[in-house]
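If you want the building blocks of each chain, they are given just below.
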Amino acid sequence: MGVFVPMVKESIELLYQFDRDFVVDSGEFEQRFEWGPVPLESSIATTARASAERRCTASVRST
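Predicted model, so just to flag it, every value in this text is computed and none were measured.

Now, about the overall build of the protein chain: what can you tell me, with residues and values included?
When you go through the protein chain residue by residue, the secondary structure sums to three helices and zero strands. Written out in order from the N terminus, the α and β elements of the protein chain read α-α-α. Expressed as a percentage of the 63 residues in the protein chain, the buried residues total 0%. Counting only carbon and sulfur atoms, one obtains 61% of the accessible surface of the protein chain, whose full area is about 6,500 Å².

In structure tokens form, the structure reads like this:
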């Protein structure tokens, strides 16, 4: 199949990425920059607020 559809060949070569979980250790980054993960509830609220503000600003500019 990869002979006729190059994307299939490339995707087969990447399958190894999905046979186990990704493990990420952010400890060194957090220590260096004194910055850690943000709680999900806070992230959702901030994103929703920013999106609403952007929509309001966009509607003011278009009128």
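I'd love a proper account of the pattern of salt bridges, names of residues and values included.
The final tally for this structure, using the stated rule, is one salt bridge. Across the pair Asp19 and Arg20 runs a salt bridge whose closest N-O atoms are separated by 3.5 Å. For Arg20, a relative accessible area of 59% translates into the label exposed.

Reading guide: rules and limits
Residues numbered from 1 in each chain as written. Predicted model: local features only at pLDDT ≥ 70, side-chain atom pairs only at ≥ 80, totals over all residues. Heavy atoms only, no water. Helix = DSSP H or I, 4+ residues; strand = E, 2+ residues; numbered from the N terminus. Buried < 20%, exposed > 50% of the residue type's maximum accessible area, 1.4 Å probe, protein only. Areas by Shrake-Rupley, 256 points an atom, 1.4 Å probe, with all protein chains shown as cover. Salt bridge = Lys/Arg side-chain N within 4 Å of Asp/Glu carboxyl O.

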